[in-house]
Each structure stands twice: as structure tokens, then as C-alpha cells.
Amino acid sequence: MKKIVIVGGGFAGINLANTLGKNKDFDITLVDHNNYNFFPPLIYQVATAFIEPSNICYPFRKMFQGKPNVEFHLGSLVMIHQQANIVETDKGSLPYDYLVLAMGTETNFFGNKNIEEKAYPMKNINDAAALRNHILTSLEKATITEDPEEEKKLRNIVIAGGGATGVEVAGMLSDMAHNIISKDYPNLKKGVGRLYLIDGSNALLGPMSQKAQQEALKVLTERGVDVILNTLVKDYNDDIVTLGNDQTIPTATLVWASGVIARQAPGLPESSITKGRRIMVDEYNKVAGTDNIFALGDQCFQTSDADYPNGHPQLAQIAIQQGILLAENLPRLVKQKTLNPFKYNNKGSMAAIAKFKSVIDFPKGGFMKGFMAWLTWLLIHLVPIAGSRNKFKLATNWIVSFITNDPTLRLILEPEKKDSNPS
Ligand SMILES: Cc1cc2nc3c(=O)[nH]c(=O)nc-3n(C[C@H](O)[C@H](O)[C@H](O)COP(=O)(O)OP(=O)(O)OC[C@H]3O[C@@H](n4cnc5c(N)ncnc54)[C@H](O)[C@@H]3O)c2cc1C
């Protein structure tokens, strides 16, 4: 049996593990620093108290039940020892015949320490839960304070980054402001605060079509979101956001949805790391300068696909398709057969701007918006959710919440810290 270690159980990692796991010639260990897989496209709904974290998370050990050749290792990558074919994690060392890196990306704060310390990123479930607690706690504080300036800061929210995540958070928060906050917090003296969406480029939803961009701007503006384009967020200190044009906005909440950088993979040849810290791979996703190490999904950079000479965008479908292709190629590699190169099958892109309002760009240039696009968006985001119980819970949660305009998840849940070394 060939020993495969996969580091990272996101879209790429689980598609590789689940597909290759059917082949009993491979002994697979999946390493992840969480004990669950989660679905990043919906974490904004966790952050805005619309759905529960458990609706979009699934434990690896349950996922691999009944698959004797697939194991789970809870740990974080420390070092790849290429010569020894060993990968070291913070919980132990694992030998491999083939190593696959699929750790995705982390938030990029572009070196701004103030923003890194004080802003709320939107990259994983912990980020989403932290933002949800913070927004709800800020609203509670706003009902108590007697200081009007303090109250203003507590009610205002600034979102940096007008890509799909920023747009979706802004849309959901504006729905929350209209449907919930006014009812839950009747004693908030000036109603809900202002919601700003800031982006350095000249349009929202940068990689999408102009029609999608215009629709996002129109829908959010109609809902009272202050969209500021062609402007960067420069700093965040003492609850004041400073923009590139020196405009300042008082707020206790800066949501950072402005950029990502690939996770570090210590031990790889330096020459294999390129822009955005992504790992250079060939057409079979093999890491440049190595014999038996592969990288997939957001973490890799591949220029061999003729339609994407500057690398693929960092999207779920690319990670999924690369994971499945590698699961087909590894048995071919072992049997010394010809491998198939990766070619991205673009299935289009979409974003949910607000309730009943989505945009879809189809691969051959078609465009759809409005209610039907929103229903399509819901369906397409339901299908890949791991576990049929989760799909059912999410679907019922959505139906009830969208009909009543009142999701019932506005709980501030902050576990008390226990003394780790009680005397
Ligand atoms: C908020 C948000 C919304 C998004 N919306 C969309 C969307 O609507 N459509 C779309 O196509 N794409 C979307 N994306 C992008 C999409 O999620 C990524 O392209 C996709 O997740 C990449 O898959 P991956 O397998 O490469 O990495 P990931 O899915 O990020 O998985 C990486 C895995 O590695 C693990 N890991 C990380 N570091 C370590 C370590 N040091 N040791 C061990 N394990 C580690 C993580 O826990 C995770 O399980 C969104 C991303 C975010 C953050």
C-alpha cells in the first residue's frame, strides 16, 4: 500500500481523500488543525447570526467512518522533511510516499498591525463566531451607554473589501438591521447605525461581470449601505477607521474581507513559492522541484492551463476538481501510466447580495439576477454541504428564517476560560 498524507481537509483535501479512499491500494491520512470540515461560502451567515455553525461543519472522523484505509490526524503542519519523506505536525510525525498540501489560505492584513489586532477577519468558523458575538455584544452596550459618540461607534459597522464575502456580509447585515435590530433593541435611541462597504477598486464583485457589479451596487445602495469605491482602508485605531483619502469613520466593528495569502508550507524549496505565497505546481499539481509532493486548491499556483496563463482564481470548484483529478492520477502514477493534466471546467460564478437578490454569471457569458438567481444560489450552496442531516437542517433553517424574517440564533456564546494549570 502507498502511504498518502494530505494536509488540509477543505474542498481539495476531502475530495481527494473521499475519491482515493475507494482504492484499497492507498493508505491515507488526512491532517487538519480542526476536527471538522467546513463550508467557507456560508460563514457570513454564521457571522450574521442567520445559521448555526453546525449547519455547515462536519467532523472528519464521522466522514471517514467505514473507510478503513482513511485515517484522521488532528494537528497543524510544522515542517516537511523532504529527504526523509516525513511530515511533522505539532502532534507527531507521519511518514509518506506521497504528500499532498491543501491548506488553503489565511487572511492577509498587508502588514498593518492595527488592523490585524483589532479588525474581525472572515476566513473560518472561529472568525464568524467571534464577529457574531462582537456585533451582538456591541448592540447590548449601545443600549446602555449614555455617551452619544460611544453609541455611534457601537452601532456603525465598516466592511473592508467589496468582493463576494464583503457584499454578502453587507447584504445580510442590512437585512438584519431592517428586520431584527429595530425589534430586538427598541431602546436603541437612534435606531440602527450606518453600514459602510469600502473597496479600493472601482466596482464591487471585482471578478464578476459588469452587470453583476452594477446590480450589487444598486441593491446595496437601495438598502442603505454606504458603498465607497476607489478607496482603501488605511488604518484602524481607537475605534476609528481611516480611509486612503483621510476620511475617518467611528466604529467598534471593522470587518476585514480584503485579501488572503496562502498558508505557509515550511520545508519546501524556496524557489517553488511564488506571489501570494502560492506554491508553483506543474499541470499534474506536482510541486516544482520535488518528486512526490503535490499542492492543490487555493494554496497552489498553476499556469499550465491554457485558459488561465496567470493562474486560476482561488475558488471552491478549482479545489474540488484538482482534488478529484489527483485521486485519479495517483493510481496511474503508481502504475507508471500517463497522467492527465488539469483543465478547469468553469461552471460560472455567483453571489447572494441580499434576500431574494442574487447574481449569476454563466460560463458562456449569460447572466441572471433576482429571485430565480437567488433560488438557484440557495440550491447550489445546499448540494455540497457535507452530511444529509446538515443539508436538511440548513434547508429548514433557511425556509423558516426567510419566511419569518427572524432567525432565532442571536446568542452570545463565549466559553469561559478555564485555568489550564489549576493549583
Ligand atoms: C468567506 C469566504 C467565502 C467564500 N465564498 C466562495 C464562493 O461563494 N464560491 C467559491 O467558489 N469560493 C468561495 N470562497 C473560496 C473558497 O472557499 C476556496 O477557494 C476554497 O475553500 C479552497 O479550497 P482549499 O481546499 O484549497 O482550501 P480550504 O477550503 O481553505 O481548506 C484548507 C483546509 O486546511 C486546513 N489547514 C489550514 N492550515 C493548516 C495547517 N497549518 N495544518 C493543518 N491543516 C490546516 C484548514 O482547517 C482547512 O480545513 C470563499 C472563501 C471564504 C473565506
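Here, the structure is the one placed above.
Computed from a predicted structure; not experimentally measured. (Residues numbered from 1 in each chain as written. Predicted model: local features only at pLDDT ≥ 70, side-chain atom pairs only at ≥ 80, totals over all residues. Heavy atoms only, no water.)

### Some points on the pattern of salt bridges
Point 1. Counted according to the given criterion, the structure contains 15 salt bridges.
Point 2. For Lys369, the salt bridge is made with Glu215, and the minimal N-O distance between the two is 3.4 Å. Taken together, the positions of Lys369 in strand E25 (residues 367-370) and Glu215 in helix H8 (residues 210-222) put the pair 154 residues apart, joining distant regions of the chain.
Point 3. Among the ionic pairs, Asp406 bridges to Arg410, the shortest N-O distance being 3.0 Å. (Salt bridge = Lys/Arg side-chain N within 4 Å of Asp/Glu carboxyl O. Helix = DSSP H or I, 4+ residues; strand = E, 2+ residues; numbered from the N terminus.)

### As for the side chain of Ser174
Point 1. Position of Ser174 relative to the elements: it lies in helix H7 (residues 164-184).
Point 2. Exposure remark for Ser174: the relative accessible area of 2% places this residue in the buried category.
Point 3. A polar contact is formed between the side chain of Ser174 and the backbone oxygen of Gly171, at a distance of 2.8 Å.
Point 4. Discounting chain neighbours no more than four positions away, the residues touching Ser174 are Leu195, Arg223 and Val225. (Buried < 20%, exposed > 50% of the residue type's maximum accessible area, 1.4 Å probe, protein only. Polar contact = N/O pair within 3.5 Å; in protein donor to acceptor, adjacent residues only side chain to side chain. Contact = heavy atoms within 4.5 Å.)

### Observations concerning the site of the ligand
Point 1. Looking at the ligand, there are 29 residues lining it, with Ala12, Asp32, His33, Asp298 and Ala316 nearest.
Point 2. Protein contact buries 89% of the 1000 Å² of open area that the ligand shows by itself.
Point 3. Of all the secondary-structure elements, those providing two or more residues to the shell around the ligand are helix H1 (11-20) and helix H9 (316-334).
Point 4. Partitioned by chemical class, the residues of the shell around the ligand number 13 nonpolar, 12 polar and four charged.
Point 5. Both of domain 1 (2-107 + 260-334) and domain 2 (113-258) provide at least three residues apiece to the shell around the ligand. (Near = heavy atom within 4 Å. Areas by Shrake-Rupley, 256 points an atom, 1.4 Å probe, with all protein chains shown as cover. Nonpolar A, V, L, I, M, F, W, Y, C, P; charged D, E, K, R; others polar. Domains from an automatic or database assignment.)

### Here's the deal with the environment of Lys218
Point 1. With respect to the helices and strands, the residue Lys218 is situated in helix H8.
Point 2. Placed 176 residues apart in sequence, Lys218 and Leu394 show a C-alpha to C-alpha distance of 29 Å.

### Considering unusual backbone geometry
A negative phi holds for most residues other than glycine; trans holds for most peptide bonds.
Point 1. The backbone of Asp239 shows a phi angle near 60°, a positive value even though the residue is not glycine.
Point 2. With respect to the helices and strands, Asp239 occurs in the loop between strand E15 (233-237) and strand E16 (240-243).
Point 3. The class for Asp239 is partly exposed, based on a relative accessible area of 29%.
Point 4. Even without being glycine, Arg277 reaches a positive phi, approximately 60°.
Point 5. Locating Arg277 in the fold gives a position in the loop between strand E19 (260-262) and strand E20 (279-281).
Point 6. The partly exposed category is assigned to Arg277, whose relative accessible area is 24%.

### Here's the deal with the packing of aromatic side chains
Aromatic ring pairs are reported here in terms of the distance separating the ring centres and the angle at which the planes meet.
Point 1. Considering all chains together, one arrives at 13 aromatic pairs under this definition.
Point 2. With a centroid separation of 4.9 Å and an interplanar angle of 45°, the aromatic rings of Phe50 and Phe402 are classed as tilted. With Phe50 in the loop between helix H2 (43-47) and strand E4 (57-59) and Phe402 in helix H11 (residues 388-404), the pair connects residues that are 352 residues apart, well separated along the chain.
Point 3. Aromatic pair Phe60 and Phe64: ring centres 6.3 Å apart, planes at 20°, arrangement stacked.
Point 4. By relative accessible area, which is 0% here, Phe60 ends up buried.
Point 5. A relative accessible area of 6% places Phe64 in the buried class.
Point 6. Through a chain of ring-to-ring contacts, the aromatic side chains of Phe50, Phe356, Phe371, Trp374 and Phe402 assemble into a single cluster. (Phe/Tyr/Trp six-rings, centres within 6.5 Å; stacked < 30°, edge-to-face > 60°.)

### Points about the sheet that holds E15
Point 1. Overall, antiparallel pairing links the three strands, which are arranged E15-E16-E17 in an open sheet. The strands lining the two open edges of the sheet, one partner per strand, are E15 and strand E17 (248-250). The sheet shows a mean angle of 20° between the axes of neighbouring strands, taken without regard to direction.
Point 2. Bridge count for E16 against E17 is three bridges, and the pairing is antiparallel. Bridge assignment links Thr242 to a residue of E17, and that residue is Thr248. (Pairing = 2+ DSSP bridges. Axes fitted to C-alpha atoms, helices over the stretch in contact; angles between N-to-C directions.)

### Considering the nonpolar core
Generally speaking, a soluble globular protein has its nonpolar side chains buried in company with each other.
Point 1. Residues Ile4, Leu16, Leu42, Ile56, Ile159, Leu330 and Trp398 are the most contacted members of the largest nonpolar core, which totals 86 residues.
Point 2. For this core, the leading source of residues is H7, giving nine residues.
Point 3. Of the domains in this structure, domain 1 (2-107 + 260-334) and domain 2 (113-258) are the two that each give at least three residues to this core.
Point 4. Residues in contact with Leu42, not counting those within four places in the same chain, are Ile51, Ile56, Trp377, His381, Ile385, Leu394 and Trp398.
Point 5. Counting residues in hydrophobic clusters, the runner-up holds 19 residues, among them Val7, Ile80, Leu99 and Leu268. (Core = buried A, V, L, I, M, F, W, Y, C linked by side-chain atoms within 4.5 Å.)

### Examining the sheet that holds strand E13 (residues 195-198)
Point 1. Strand order in the open sheet formed by five strands is E11-E18-E12-E13-E14, with parallel pairing between adjacent strands. Edge positions in the sheet fall to strand E11 (120-121) and strand E14 (226-228), since each of these pairs with one other strand and no more.
Point 2. Sheet topology note: the strand E12 (residues 157-160)/E13 ladder contains four bridges and is parallel. Bridge pairing in E13 links Ile157 to Leu195.
Point 3. Those strands touched by helix H5 (residues 125-144) are E11, E12 and strand E18 (253-256), and its axis lies near 160° from that of E18.
Point 4. H7 contacts E12 and E13 of the sheet and is inclined by roughly 170° relative to E13.

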